[in-house]
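Architecture at a glance
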Amino acid sequence: MNIGLIIAGGVGARMGQSIPKQFLTVNDRPVIVYTLEAFQKHAEIDVIAVVCVAGWEQVLWAYASQFNITKLKHVITGGKNGQDSIRNGVYELEKHYQPEDVVLIHDAIRPMVSAEIISDCIVKTKQFGCAITTIPCAEAMMCTEDGLVSTGSYPREKLKRTQTPQGFPLGKICDLHRRALEKGITNSVASCTLMVEMGEQIYFSAGSEKNLKLTTVDDIDIFKALLIAKRSEWLKG
């Protein structure tokens, strides 16, 4: 079984909006609905679960009903940070599914995730035991201590930019979180960084520049442009 675990536990302070950014409406549809639809339409995804910012759970269920997200089976309240929210999610899934089932942990605010990205993450997770969606680093990378002056450069070919989904067998990711708590690791940036901090090997799956994370208002403008381009491709087809 393949489970999409959508992380929507953040409040989106950097967006400067009065509501969480995953619930912002773009072209008459909340951002999170675009994300849910990507997993809903994917033939290999059996179940969707969402870790939701507290107080928005019923809104999410209403959107699922309105937009026919029939694979949504679990809504879990988020925690105080990303690691906490993911842990809440995987611990709840552990009560319902098998340790060998694959869970794809995905940001709610990456609404342009493609079927190809989801598929490759599933394949690589089953092949290697985990899969972190990544893209090459195209820019020149500079090192700095103070954010003002460079202390050198770093070879970009040795770097990857991580995205989501990030895939794991359910039992493995639950065990990782338990061991992290025992070591006092409580605020790792992402599942991939938690893996590294715990001394685990990570493997890569294919991402895309279009798999945009909506963090700022500028990102919303790019998202709107991508939607227009996607619609134009659909009309041509």
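A short tour of the structure in this document, coming up. (Residues numbered from 1 in each chain as written. Predicted model: local features only at pLDDT ≥ 70, side-chain atom pairs only at ≥ 80, totals over all residues. Heavy atoms only, no water.)

1. Looking at the nonpolar core
- Membership of the largest hydrophobic core comes to 29 residues, with the highest contact counts inside it found for Ile32, Phe39, Ile48 and Val50.
- Elements represented by at least two residues in this core include exactly strand S1 (2-8), helix H1 (31-40), strand S4 (47-52), helix H2 (57-66), strand S5 (72-77), strand S6 (102-107) and helix H4 (115-128).
- Top contributing element to this core by residue count: H1, with five residues.
- Setting aside anything within four residues of it in sequence, one finds phenylalanine 39 in contact with Gly4, Ile6, Ile45, Ile48, Lys71, Leu104, His106, Val113 and Ile118.
- Formed by 27 residues, the second largest nonpolar core is a distinct cluster that contains Ile7, Val90, Val103 and Ile173. (Core = buried A, V, L, I, M, F, W, Y, C linked by side-chain atoms within 4.5 Å. Buried < 20%, exposed > 50% of the residue type's maximum accessible area, 1.4 Å probe, protein only. Helix = DSSP H or I, 4+ residues; strand = E, 2+ residues; numbered from the N terminus. Contact = heavy atoms within 4.5 Å.)

2. Things to note about the pairing of strand S9 (residues 150-154)
- Pairing between strand S8 (residues 141-144) and S9: four bridges, direction antiparallel. Bridge pairing in S9 places cysteine 143 opposite glycine 152.
- Hairpin connection of S8 to S9: five residues between the antiparallel strands, including glycine 147 at a positive phi of 80°. (Pairing = 2+ DSSP bridges.)

3. Here we look at unusual backbone geometry
- The peptide bond linking threonine 164 to proline 165 adopts the cis configuration, its omega dihedral lying at 15°.
- If you trace the backbone, proline 165 turns up in strand S10 (residues 160-169).
- Of note in this structure, asparagine 27 is not a glycine but carries a positive phi near 55°.
- By the secondary structure assignment, asparagine 27 is in the loop between strand S2 (25-26) and strand S3 (29-30).
- Its identity as a non-glycine residue notwithstanding, asparagine 68 has a phi of 60°, on the positive side.
- Locating asparagine 68 in the fold gives a position in the loop between H2 and S5.

4. Things to note about the side chain of glutamate 37
- Within the element layout of this structure, glutamate 37 appears in helix H1.
- We classify glutamate 37 as buried; its relative accessible area is 14%.
- For glutamate 37, the residues in contact, after removing those within four places along its chain, are Arg29, Phe67 and Ile69.

5. Concerning the environment of isoleucine 19
- By the element assignment, isoleucine 19 lies in the loop between S1 and S2.
- It is 10.0 Å that separates the C-alpha atoms of isoleucine 19 and tryptophan 56, two residues lying 37 residues apart in sequence.

6. Observations concerning the side chain of histidine 42
- For histidine 42, the position within the fold is in the loop between H1 and S4.
- Histidine 42 sits in the buried class, given a relative accessible area of 6%.
- Those residues in contact with histidine 42 that lie beyond four places of it in its chain are Lys71, Ala115, Ile118, Ser119 and Ile122.

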